[in-house]
Amino acid sequence: MKHPRSLSSRRDFRRVMHTGARKRSSFGTFYVVRAVEDNAVSSLGLAVPRRVGGAVTRNRIKRRLREAYRAGAPERGFDVVIQARPEAAHVDFQQLAEEVSRLVAAQ
RNA sequence: GGAGCCGGCCGGGCGGCCGCGGCCCUCCUCGCGGGGGUCGAGGAAAGUCCGGACUCCACAGGGCAGGACGCUGGUGAAAGUGCCAGGCGGGGCGACCCGCGGAAAGUGCAACAGAGAGCAGACAGCCCCGGAGCUCGCUCCGAGGUGAUGGUGAAACGGUGAGGUAAGAGCUCACCAGCGCAUCGGGUGAUCGGUGCGGCUAGGCAAACCCCGUCCGGAGCAAGACCAAGCAGGAGGCACGGGUGGCCCGCCCCCUCGGCCGUAGGGCCGGGACCGCCUCCGGGUAGGUCGCACGAGGCGAGCGGCAACGCUCGUCCCAGAUGGAUGGUCGCCCCCGGGGCUUUUUUGGCUCCGGGACAGAAUCCGGCUUAUAGGCCGGCUCCACGA
RNA sequence: GCGGGCGUAGCUCAAUGGUAGAGCCUCAGUUUUCCAAACUGAAAACGCGGGUUCGAUACCCGCCGCCCGCU
């Protein structure tokens, strides 16, 4: 399975965060919305604020979340924003991947 | 064996599986595709404290203001404590470490204590003179002398000795320390050593104002260049061509159109808008390419130099993302800590659990500073013991 | 990337080279039947580490934290 596209523009972030379904987990808040076209490649936006750590841990969180998404979440049809919390750096990867798949697929 | 000083280096390794970014090659069903190869974070990539390269502001001068720096000589493209070597002063038993223009240009500052704190000062004390008293080794009163003694303070206007004196005092002398001038010698120099003379003392703080010397234009790769796409302008002010940057001065240079003159550089005359800048409101776009990865470059030899470093030769090509790649996960080994077992101690073996730092390139480079688990190497000092 | 400002009692702020102060808060006492108010008293601080100075909250240097601009 391939990695999802990355969201970049402020506009896209706003769209997903305002119109999407909000779900919480121990390591972050999820915003999930159906993509405009059903078989478009899914998009993933990662919001990792400065307060969770330095550049190293923030990058690490983003990499782990991307990998966790790739491991099981739908390849097509969803736009997702994950707002990370400091716990995301320490959560077991197995648990992280299951949580991401479950919360996205539940939509 | 213990304690310590200085310098340099590394900063997990190997292998599966699944992935990411750049470049090259290749295949086809040509696309937002497949395959192969290759490269892919750091010693600090960090903080942004200095300095440069580079780009734009069209370009150089003088003065003022402002800022930075400050022993000497090297080195380096440059630089606040860049680095190396040296000088002087201070600290430490020592290896070593820390500091560095000027206080006899001027202004200013010093709480409390203390008699007195900046051309210093009589509280006690000491001494002399006059008077009075007396138990006649003194006491009291008055006028003076004195910076040797006490006490205060961070700091009290050289130290020791002798002479001198009523008591004292650089008052005089000798030596020492320190200062100035002259001079000799060593050193490129900071400065060191010596000789002579002078006057006897000139305090501290410039990370207080300041003085002297040296240096400094501004902005920053979101610089800047090109391409593409796209909308809708309005109000006010400034200027009446622009340029100079914080200010001033003088000077110089550059636009366009028409006409005339000149071989030409250019000159003269006349005209000058589209437009420009600033502030506010409103609208559009925030895509691509270049800059952008060969450089004050890395590594290894040789030579020169005490060294920093330089020169020559050989060899290598070594990240270029753009919401931002260099990862996720598993196994083995290594290191550290803890528990259990093994025959007791030391050494060791087996097994289980936990941990392995600080930290992520964004134009590039040279420094500085700060963070950092654990480990390696080299040089040196002091103490104790032994030979 | 470039630049600026601020860290002082629990909170909001002063003082600027010598002893750090005010208001609110807290605690104790007086007063009151009790509470409040009032009065009296007390506790409590210069972000951290070096340096300059006799002496630093202030001056200089380096860190740490927070806030704000410009592009």
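Residues numbered from 1 in each chain as written. Chains lettered and ligands numbered in written order. Predicted model: local features only at pLDDT ≥ 70, side-chain atom pairs only at ≥ 80, totals over all residues. Heavy atoms only, no water.

Engineer: Just to check I follow, could you spell out the protein's contact with RNA strand B for this structure?
Structural biologist: Around RNA strand B, the surrounding shell holds 17 residues, and the nearest of these are His3, Ser6, Leu7, Arg60 and Arg66. Considering the 4 Å shell around the protein, atoms of RNA strand B inside it are sugar or phosphate in 74% of instances. Valine 56 places a main-chain nitrogen or oxygen 3.4 Å from a phosphate oxygen of RNA strand B. Arginine 64 places a side-chain nitrogen or oxygen 3.2 Å from a phosphate oxygen of RNA strand B. Counting residues per element, the surface near RNA strand B draws most heavily on helix H2 (residues 55–72), at 9 residues. (Near = heavy atom within 4 Å. Polar contact = N/O pair within 3.5 Å; in protein donor to acceptor, adjacent residues only side chain to side chain. Helix = DSSP H or I, 4+ residues; strand = E, 2+ residues; numbered from the N terminus.)

Engineer: I would appreciate a short explanation of H2 in the present structure.
Structural biologist: Counting along an α-helix, one turn takes 3.6 residues, and residues three or four places apart therefore face a common direction. Between its terminal C-alpha atoms H2 stretches 27 Å, which fits the 26 Å expected from 18 residues at 1.5 Å a residue. Residues of H2 that are buried: Ile61, Arg64, Leu65, Ala68 and Tyr69. The buried residues of H2 occupy an angular sector of 135° when projected down its axis, which confines them to one face. Residues of H2 that are exposed and point more than 90 degrees away from the buried face comprise Val56 and Arg63. Turning to H2, the residues buried within the fold contact strand S4 (43–47), strand S5 (78–84) and helix H3 (93–105). (Expected span 1.5 Å × (residues − 1). Buried < 20%, exposed > 50% of the residue type's maximum accessible area, 1.4 Å probe, protein only. Arc of directions from axis to C-beta. Contact = heavy atoms within 4.5 Å.)

Engineer: Can you help me understand the sheet that holds strand S3 (residues 28–34) in this one?
Structural biologist: Sheet strands pair by backbone hydrogen bonding; their relative direction is either parallel or antiparallel. Spatial ordering of the open sheet is given by S1-S4-S5-S3-S2, a layout of 5 strands whose pairing is mixed. This sheet does not close on itself; its edge strands, each paired only once, are strand S1 (5–6) and strand S2 (21–25). Note: S4 against S5, 5 bridges, orientation parallel. Each residue of the ladder has a partner; that of leucine 46, found in S5, is isoleucine 82. Packing against the sheet, H2 makes contact with S4 and S5, and its axis sits at approximately 155° to S4. Where H3 meets the sheet, it contacts S2, S3 and S5, and its direction lies at approximately 40° from that of S3. (Pairing = 2+ DSSP bridges. Axes fitted to C-alpha atoms, helices over the stretch in contact; angles between N-to-C directions.)

Engineer: I'm lost on the side chain of serine 101 in this one. Help?
Structural biologist: With respect to the helices and strands, the residue serine 101 is situated in helix H3. Since its relative accessible area comes to 19%, serine 101 is described here as buried.

Engineer: Mind showing me how you'd approach the environment of alanine 35 here?
Structural biologist: With respect to the helices and strands, the residue alanine 35 is situated in the loop between S3 and S4. The buried category is assigned to alanine 35, whose relative accessible area is 10%. When the C-alpha positions of alanine 35 and glycine 54 are compared, they lie 32 Å apart, and in sequence the two are 19 residues distant. Discounting chain neighbours no more than four positions away, the residues touching alanine 35 are Gly77, Phe78 and Asp79.

Function-wise, these values are silent; they only describe arrangement.
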